[in-house]
Amino acid sequence: MTDDREAQGDAEATDASAEESLSTALGAAAAKNTGLGALAGEQAPSGDALLRAMGGVRGICEAVLPGLAFIVLYTALMTPLPDTAVPIALGASVLIALVFTVWRVARKENVTQAVAGLIGVGASAILAIATNRPVNNFALGLGIDALYGLAFLVSVLVRWPIIGIAVGYLYGEGVAWRKHKATYRVAVVSTLLWLALFVARLAVQVPLFLAGNTAALAITHLIMGVPLYVPVLLVTWLLVRDVYARKNGAQS
């Protein structure tokens, strides 16, 4: 009887270990697919590393061109063709996202980013047309920023900052970063930095959304997208790199 209980205990421990290993592997894979994951292991900032972190030239185009097409066509057509300016601008935005998705499928590449972008652009366009309010093309994006901001804030409040979790997986140390004051502090500061990014976007764009200023909102949406994302990512990486370099130096 005792042997049976010990065997059962060993089996449960093995299952728990296997589940933990699987969770760690999945977490590490997810973290590596982030911008921070693309920079992990770099010793010095470089244009190539930052470009990889943004998904390369095509990744930048996928993020920027749909919105750029919308603002250009909307601004150019609103006066001469007020009734069709919005559908044309939204249609061009969706078409560009669709082209990138088809391109990735044809080349048998990872389509996650492209499909997510296509769904977002398509849903936003449908919402804007269905409500007959062009400004609603940005409602989904504002909602996503609000959810991200809330998640980052809650993670800090419960003392599990999101950046720390991602970095823990990237560096293969699990949750050990929480036991060291320096790494925990950097995790908190970095997470608050990203929170500030989302708050800044909402603080600038929500008033424009409420005022129904579609053109100004489209421009600020572009400006506060990739151009704001890159420096925040770079500062986060520099903070993480520095604290782990000092930690590894102290241990050696």
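Residues numbered from 1 in each chain as written. Predicted model: local features only at pLDDT ≥ 70, side-chain atom pairs only at ≥ 80, totals over all residues. Heavy atoms only, no water.

### Describing the overall build of the protein chain
Part 1: From N to C terminus, the protein chain includes 11 helices and 0 strands.
Part 2: Going from the N terminus to the C terminus, the protein chain shows its helices and strands as α-α-α-α-α-α-α-α-α-α-α.
Part 3: Across the 252 residues in the protein chain, those meeting the buried criterion constitute 34%.
Part 4: Working note: accessible area of the protein chain is about 14100 Å², and carbon and sulfur atoms make up 67% of it. (Helix = DSSP H or I, 4+ residues; strand = E, 2+ residues; numbered from the N terminus. Buried < 20%, exposed > 50% of the residue type's maximum accessible area, 1.4 Å probe, protein only. Areas by Shrake-Rupley, 256 points an atom, 1.4 Å probe, with all protein chains shown as cover.)

### A closer look at the side chain of Thr 236
Part 1: With respect to the helices, strands and loops of the structure, Thr 236 is situated in helix H11 (residues 226-251).
Part 2: With sequence-adjacent residues up to four places away left out, Thr 236 is seen in contact with Leu 36, Ile 163, Ser 190, Leu 193 and Trp 194. (Contact = heavy atoms within 4.5 Å.)

### Details of the packing of aromatic side chains
Part 1: According to the stated counting rule, one finds 9 aromatic pairs in the structure shown.
Part 2: Relative to Tyr 244, the ring of Tyr 171 has its centre 4.2 Å away and its plane inclined at 10 degrees; by these criteria the two rings are stacked. Linking Tyr 171 in the loop between helix H8 (162-170) and helix H9 (181-211) with Tyr 244 in helix H11, this pair joins segments that are 73 residues apart in sequence.
Part 3: Within the aromatic cluster, the residues linked to one another by ring pairs are Phe 70, Tyr 74 and Phe 138. (Phe/Tyr/Trp six-rings, centres within 6.5 Å; stacked < 30°, edge-to-face > 60°.)

### Side note on the UniProt feature "transmembrane region" (unreviewed entry) in the protein chain
Part 1: Mapped onto this structure's residue numbering, the UniProt feature "transmembrane region" (unreviewed entry) falls at residues 60-78, 84-103, 115-135, 147-171, 183-204 and 216-240.
Part 2: As annotated, residues 84-103 has a helix share of 95% and a strand share of 0%, and its two end C-alpha atoms lie 28 Å apart.
Part 3: Between the end C-alpha atoms of residues 183-204 the distance is 32 Å, and the span holds 100% helix and 0% strand. (UniProt positions renumbered as here; feature names shortened; annotations may be inferred.)

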